[in-house]
Amino acid sequence: MVYVVEMDVKIPESWDEDKLKSFLEREKETSQKWQNSGKWKHLWRVAGKYSNISILDVESPEELHEIISSLPLFPYMNIKVTSICKHPNAIKENLL
Ligand SMILES: O=C(O)C[C@H]1C=CC(=O)O1
């Protein structure tokens, strides 16, 4: 099952530099772990926003939730999930 996930990050203004640094390090570690697993296929920055657009290929909605909610910044994100499938007119076999 392939999903497009848009994550808008809102860091609390009360966080100091050390707290932010620690979250960002753990965020990087966690997202790279999932990217290395082959499930998180693409991670793109949305230009001009603290947002990303990601493509994930997972077994189930439960697995998608497990991955997204494992991100340390998960509680500080607004997340939009869209389920996608191959368009019948797409000329490429492997879209991922
Ligand atoms: O910076 C972001 O977009 C938030 C977050 C999501 C994945 C990741 O590596 O960082």
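Residues numbered from 1 in each chain as written. Predicted model: local features only at pLDDT ≥ 70, side-chain atom pairs only at ≥ 80, totals over all residues. Heavy atoms only, no water.

### What about the pattern of salt bridges?
The full count for this structure, using the stated rule, is four salt bridges. In this structure, glutamate 6 and lysine 49 form a salt bridge, with 4.0 Å as the shortest nitrogen-oxygen distance. With glutamate 6 in strand β1 (residues 2-9) and lysine 49 in the loop between β2 (40-45) and β3 (51-57), the pair connects residues that are 43 residues apart, well separated along the chain. A salt bridge links lysine 21 to glutamate 25, with the nearest nitrogen and oxygen atoms 3.5 Å apart. Here lysine 21 and its partner glutamate 25 are both found in helix α1 (residues 17-37), four residues apart, which amounts to about one turn of the helix. Judged by relative accessible area, lysine 21 falls into the exposed class, the value being 51%. Within the structure, one salt-bridge network assembled from shared partners comprises Glu6, Asp8 and Lys49. (Salt bridge = Lys/Arg side-chain N within 4 Å of Asp/Glu carboxyl O. Helix = DSSP H or I, 4+ residues; strand = E, 2+ residues; numbered from the N terminus. Buried < 20%, exposed > 50% of the residue type's maximum accessible area, 1.4 Å probe, protein only.)

### Some thoughts on the UniProt feature "domain: Muconolactone isomerase" (unreviewed entry) in the protein
Cross-referencing UniProt, the feature "domain: Muconolactone isomerase" (unreviewed entry) maps to residues 1-89 in the present numbering. Across residues 1-89, the secondary structure splits into 34% helix and 33% strand, with the terminal C-alpha atoms separated by 19 Å. (UniProt positions renumbered as here; feature names shortened; annotations may be inferred.)

### Description of α1
End to end, α1 covers 30 Å across 21 residues, agreeing with the expected 30 Å (1.5 Å per residue, within 8%). Among the residues of α1, those classed as buried are Phe23, Glu27, Thr30, Ser31 and Trp34. Taken down its axis, α1 places every buried residue within 95° of arc, on the same side. Facing away from the buried surface of α1 by more than 90 degrees, the exposed residues are Glu17, Asp18, Lys21, Lys28, Glu29 and Asn36. Against β2, α2 (61-69) and β4 (77-84) lie the buried residues of α1. Where α1 begins, one side-chain oxygen reaches toward the backbone nitrogen of aspartate 18, 3.3 Å away; that side chain belongs to aspartate 16. Glycine 38 sits one or two positions beyond α1 and adopts a positive phi of about 90°. (Expected span 1.5 Å × (residues − 1). Arc of directions from axis to C-beta. Contact = heavy atoms within 4.5 Å. Polar contact = N/O pair within 3.5 Å; in protein donor to acceptor, adjacent residues only side chain to side chain.)

### Looking at the packing of aromatic side chains
Under the defined criterion, the tally for this structure stands at three aromatic pairs. Joined through ring pairs, the aromatic side chains of Trp15, Phe23 and Tyr76 make up one cluster. Its end group placed over the ring of phenylalanine 23, arginine 26 keeps NZ or CZ at 4.6 Å from the ring centre. (Phe/Tyr/Trp six-rings, centres within 6.5 Å; stacked < 30°, edge-to-face > 60°. Lys NZ or Arg CZ within 6 Å of the ring centre and 35° of its normal.)

### A closer look at the site of the ligand
Taken together, the residues surrounding the ligand are Val9, Glu27, Ser31, Trp40, Leu43, Arg45, Tyr50, Asn52 and Met77. Between the ligand and serine 31, the relevant distance is 2.7 Å, taken from an oxygen atom to a side-chain nitrogen or oxygen of the residue. In this structure, an oxygen atom belonging to the ligand sits 2.8 Å away from a side-chain N or O atom of asparagine 52. For the ligand, the protein covers 89% of the area, taking 280 Å² as the surface of the free molecule. Among the detected pockets, the ligand sits in the largest pocket. Mapped onto the shell around the ligand, the elements with two or more residues apiece are α1 and β2. Here the element with the most residues in the shell around the ligand is β2; it accounts for three residues. (Near = heavy atom within 4 Å. Areas by Shrake-Rupley, 256 points an atom, 1.4 Å probe, with all protein chains shown as cover. 1 Å grid on protein atoms, 1.4 Å probe; cavity = no way out; pocket = protein on both sides within 12 Å on 5 of 7 lines; lining within 4 Å. Sits in = over half its atoms within 2 Å of the grid points.)

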